[in-house]
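A look at the structure
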Amino acid sequence: PCVLQHVKVHAAPELLKKLRFYSLCAPHCGGGGANNDAHSCVVNGKKLLVANKKNTWLAMGASVDFTKTSCGYVGFSDGWTDVSDNLQMDWEFDCATAGNVALTGEFRLEDTNEFTVALAFGHGVNNAVTALLQTLSYPFQKQLDRYCLQWQRVKVDTSLLGQTKDDGYLLRTSHKILLAHEDKLNPGAFIASLSVPWGQAKGDEDLGGYHLVWPRDMVNTATALLAVGREDTPLRALTFFACNQLEDGRFPQNFWISGEPYWTGVQLDEVAFPIMLAWRLKRHDRLRGFDPYPMVLKAASFLVLHGPATQQDRWEEVAGFSPSTLAANIAGLICAAAFARERDDDATADFLQDYADFLRCHLEEWTVTTSGELHPDISEYFVRVNPVTDARQPKRPDNAQVGIANRAPGQNSVFPAKNVVDAGFLELVRYGILSAQDPLIKQSLEVVDHVLKVDTPFGPCWRRYNHDGYGQGADGAPFINHGVGRAWPLLTGERGHYELAAGNDPSPYIEAMEKFASCGGTLPEQVWDADDIPDAKLFRGKPTGSAMPLVWAHSEYIKLLRSARDGQVFDMIPDVVARYQGSPQTCKLIELWHKNWQIPEVHSNFTLRIVAGEPFQLTCTSNGWADNIVTNSTATTLGVDYVDLFVPATQAHPVEFTFFWKNSQAWEGQNYMVSVV
C-alpha cells in the first residue's frame, strides 16, 4: 500500500545544486481532514513524516534524505504558507495534532538529478513506515515495470476494437477503471466513483461522495464487465448483492462497501436491476455453482408488494410513476418469471408475468401526457415522472405538479409534470418492452431533442431533464446546493443504444463519448455545455467538476461497443420482446389491489387481483351483499398470496370485499370497495 512519484530534473549541474525541493502532503486519514495528527520521526537514521487519525496511518519519505521536516496546520503554519512567503523553509515544527494538518519535507540533490517520493499507508505507524522503506528499497523502474505488467494482464476483447474510433484507448481505460472500482477487502462491491463531485468545495461532513455502492451503477458495471468478456467479476457482484439484500427483499438506495446503508430511499428500479443481472449471468452460463433464485424471489416479492409507484426515480429525487423505473420493473419481473419457469413453478411464473402485464397495460396512462406544451407540434409524449404516490390520486400526468430539486433560492421549483421530460423512456426500448419505431417513442424523442439536446464540438449530448439544478453554476462556480444541470455523456451512450435498436449507425455516439473523456481517459458525469470559461478551465464538451470517472458512463460506453459489434442491444431481453412485441401480444388486462395500493375503481373486462403478503380468505360481493363468495387465496413461492376476481362487462355494482387472515385466525374488521367503470 504505497504510492510512488518519480521526478527527473533537467537543469545544468551548477543550478541543480542550488535548487531546493519540497514535498507537501495534506493528509485526510480516515476520510476526513479534521482531527488528524502529524509528527516528524527518524527511522533507521532516515527522517520521515507520519500522520494518523485513530488507526489509519500514512508515512511520507523519499529516496533522498530530507534536509528539513515540519508539521503544521493548513493555512497557518503549514509548509506552503511558509515557503510561499519568502521561497525558503523557515519553520521546523515536530508535530501538529488534532487539526487539519500538513506535512512538509525539504531535500536537495547532490549526486543525482532524479528522486522518488513515497506515501505509504497502514493500520499502525510501524505498518506504514515498514511499507514505505520496503518499497523505497527497490529501484523505481523495477516497481514501475511490475505495476505495468500487472495492469497489462487485463486483456481487452479485441473483437470490440473495430467499433472504437480512438484505436481502443477509451475501451482499455474503461475496462481498467471498472476493475479499479471494486473494493479489494470486500470483493464484489463496486462503487459509483472514486471521486467526490466538486470536492474542492466540500468538507468532512460530506461523508458519501460517490464512493458508495449504488445498485443501479453496480449492475451497469457488472453488465459491462460481462459484455467485455470477464467471467469472475460479474458473478462476484451478484453474490455481493445476495449477501447484502435486506430482509424485505429490497436493496438500499446506496450503501458502504461493508453493506451498511447510507441513504435510505426506496428506488424500485434498484430492486429490479440485480434480478436482471442474475438473468444475464444465467443466459451467458456464468453462474457456476451459485444459485441466485432466493434473492430473485425476495426482490420480486418486494416489487409486487411495494409498487407500482416508486419512492424515488432514477435521478433519486421524485416519487411516482417513472418510465425508466417501470421499464426496469417490467423487465426484472419477466426475468424472475423465467427463473420460476425453469423450476417448474408455473404458478409463480404466471403470477410474475401477470404483474408485469399490469404495469405494461397502464404504462401510457401513467406516464404519457396528451396536453404537453414543450414542443410546438407535439402534445403527446412521455414525461420524466408522474408524481402519483397514492392509488386514489388521478393517474394521468396532465394536471399534476412535480417538484424539482437543487433550484436556487428565489427560483420556481414546481412545474407541471407534463412539461418536464427526460430520456428515461428509452429504457422501454433497451429491454424490449416497446419497439424503437413506436410512435410515442419517436414523438418523445423529438421533444427531448427540442428541450434537452446540446451540440458540442465533439458530438451531441443531453441534459438529464429540463430545469435541473444539479450542476456547475452559470458562472462556472462549483455546485453547492444549487446550480445548472449540465449534459451527461452517459445519455449520449443511451441514445446510441436507441439508434442501434432503430437500425441506425451508433458510431457518432461512440466517437462523441470518446471525445468527452479527459486526456487521462476518464469519463465525467457532466460536460460543460455553455460558452468557454478558460479561467475556470471549463470548455464546451469537456469535463466539469462533477464526478470523474463515473463508472456508469464507462459502463454505458463498453456496452455500446458490444451492442455495436453484435448488431443488437446487449441489454435486450428476448423474453420481454416476445411478450410485448410478439404477435399476438400476450399482455393480460389486469388491475391490482393491495394494502399499499388501494385502487378506487376497475375497468370491466379486467381481472381484479387482490394481493397480500400472507395467506387469507377473501369474502366478496358484486351485488351489494345480497350474496357473497368466499375464496381461499392462492399461494406463490414469493411469499405473496392472491385472489383473482374477473369483472364482466355486465357488472354495475362495485366489488366489495374483506379479509380473514389465516395466520392469526382474525377478521380484517373492515370492508373495502372498488367501483366498476
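Below or above, wherever it landed, is the structure these notes cover. (Residues numbered from 1 in each chain as written. Predicted model: local features only at pLDDT ≥ 70, side-chain atom pairs only at ≥ 80, totals over all residues. Heavy atoms only, no water.)

1. Quick word on the overall build of the chain
- Across its full length, the chain carries 18 helices and 26 strands.
- Here the C-alpha atoms of the chain give a radius of gyration of 29 Å, agreeing with the 26 Å that 2.2 N^0.38 yields for 677 residues.
- A principal-axis box enclosing the C-alpha atoms of the chain has dimensions of 105 × 60 × 55 Å.
- Sorting the 677 residues of the chain into buried and exposed places 55% on the buried side.
- Counting contacts in the chain only where the partners sit at least 6 residues apart, residues at least 24 apart contribute 69% of the total.
- Summed over all atoms, the accessible surface of the chain reaches about 28,100 Å², with 51% contributed by carbon and sulfur.
- Here the chain contributes 58 positive and 79 negative side-chain charges, whose respective centroids are spaced 5 Å apart. (Helix = DSSP H or I, 4+ residues; strand = E, 2+ residues; numbered from the N terminus. Rg over C-alpha atoms; globule rule 2.2 N^0.38 Å. Buried < 20%, exposed > 50% of the residue type's maximum accessible area, 1.4 Å probe, protein only. Contact = heavy atoms within 4.5 Å. Areas by Shrake-Rupley, 256 points an atom, 1.4 Å probe, with all protein chains shown as cover. Lys, Arg positive; Asp, Glu negative; His and termini not counted. Charge placed at Lys NZ, Arg CZ, Asp CG, Glu CD.)

2. Some words on helix 6 (residues 215-227)
- Compared with an ideal rise of 1.5 Å per residue, which puts 13 residues at 18 Å, helix 6 spans 18 Å between its outermost C-alpha atoms and is within 8% of the ideal.
- The element helix 6 is extensively covered by neighbouring structure, given that 13 of its 13 residues are classed as buried.
- A positive backbone phi angle near 105 degrees is found at Gly229, which sits one or two residues after helix 6. (Expected span 1.5 Å × (residues − 1).)

3. Examining the packing of helix 6 against helix 8 (residues 268-283)
- The N-to-C vectors of helix 6 and helix 8 enclose an angle of 15 degrees; their axes lie 9 Å apart at closest approach. Our classification of the angle between helix 6 and helix 8 gives roughly parallel. Where helix 6 crosses over helix 8, the two elements pack in a sense that is left-handed. Contacts between helix 6 and helix 8 involve Pro215, Arg216, Val219, Ala222, Thr223 and Leu226 on the former and, on the latter, Asp269, Glu270, Phe273, Pro274, Leu277, Arg280 and Leu281.
- Residues that form the contact of helix 6 with helix 8 fall into these classes: eight nonpolar, one polar and four charged. (Axes fitted to C-alpha atoms, helices over the stretch in contact; angles between N-to-C directions. Parallel < 35°, antiparallel > 145°, perpendicular 65-115°, else oblique. Left-handed = near helix turned anticlockwise from the far one by under 90°. Nonpolar A, V, L, I, M, F, W, Y, C, P; charged D, E, K, R; others polar.)

4. Here we look at the nonpolar core
- By size, the foremost hydrophobic cluster in this structure holds 170 residues, and its most contacted members are Leu608 and Phe657.
- Per-element accounting of this core gives the leading share, 13 residues, to helix 10 (residues 323-342). (Core = buried A, V, L, I, M, F, W, Y, C linked by side-chain atoms within 4.5 Å.)

5. A short note on the side chain of Asp468
- For Asp468, the position within the fold is in the loop between strand 15 (459-463) and strand 16 (487-488).
- Every residue in contact with Asp468, bar those within four places of it in the chain, is listed here: Ile404, Gly483, Val484 and Gly485.

6. Here's the deal with the pairing of strand 9 (residues 114-122)
- Where strand 1 (residues 2-8) lies against strand 9, seven bridges are found, and the strand directions are antiparallel. Bridge pairing links Gln5 to Val117 in strand 9.
- Here six bridges tie strand 5 (residues 56-62) to strand 9, and the two strands are oriented antiparallel to one another. Note that in strand 9 the partner of Ala59 across the bridge is Ala120. (Pairing = 2+ DSSP bridges.)

7. What about the sheet that holds strand 7 (residues 95-99)?
- An order of 1-9-5-4-3-7 is seen for the six strands of this open sheet, with the pairing classed as antiparallel. Sheet topology places strand 1 and strand 7 at the edges, where each strand pairs with a single neighbour. Geometrically, the sheet is characterised by an average inter-axis angle of 20 degrees between neighbouring strands, direction not taken into account.
- Here strand 3 (residues 36-43) pairs with strand 4 (residues 46-53) via seven bridges, running antiparallel. What sits directly across from His39, in strand 4, is Val50.

8. Remarks on the sheet that holds strand 19 (residues 607-612)
- The four strands lie next to each other as 17-19-23-22, forming an open sheet whose pairing is mixed. The sheet terminates laterally at strand 17 (590-593) and strand 22 (634-635), the two strands that pair on one side only.
- Direction of pairing for strand 22 relative to strand 23 (residues 641-646): antiparallel, over a ladder of two bridges. Its bridge partner lying in strand 23, Thr634 is registered against Tyr642.
- This element, helix 11 (residues 346-361), spans strand 17, strand 19 and strand 23 of the sheet and lies at about 100 degrees to strand 17.

9. Side note on unusual backbone geometry
- A cis amide bond links Gly307 to the next residue, Pro308, at an omega of 5 degrees.
- Along the polypeptide, Pro308 turns up in the loop between helix 9 (293-306) and helix 10.
- Going from Met548 to Pro549, the amide bond is cis rather than trans, its omega being 0 degrees.
- A positive phi angle is found at Trp198, which is not glycine, with a value near 50 degrees.
- Within the fold, Trp198 resides in the loop between helix 5 (169-180) and helix 6.
- Look at Trp198 and you get buried, because its relative accessible area is 0%.
- The phi dihedral of His467 is positive, around 75 degrees, even though this residue is not glycine.
- With respect to the helices and strands, the residue His467 is situated in the loop between strand 15 and strand 16.

10. Overview of the packing of helix 5 against helix 17 (residues 551-566)
- Taken N-terminus to C-terminus, the directions of helix 5 and helix 17 make an angle of 130 degrees; their axes are 9 Å apart at the nearest point. By the angle between their axes, helix 5 is oblique relative to helix 17. The interaxial crossing formed by helix 5 with helix 17 has left-handed handedness. Along its contact with helix 5, which presents Leu170, Leu171, Ser174, His175, Ile177 and Leu178, the element helix 17 presents Val551, His554, Ser555, Tyr557, Ile558 and Leu561.
- Each residue belonging to the contact of helix 5 with helix 17 can be placed in one class, and the counts come to eight nonpolar, four polar and no charged.

By themselves, these observations are geometric and do not establish any function.
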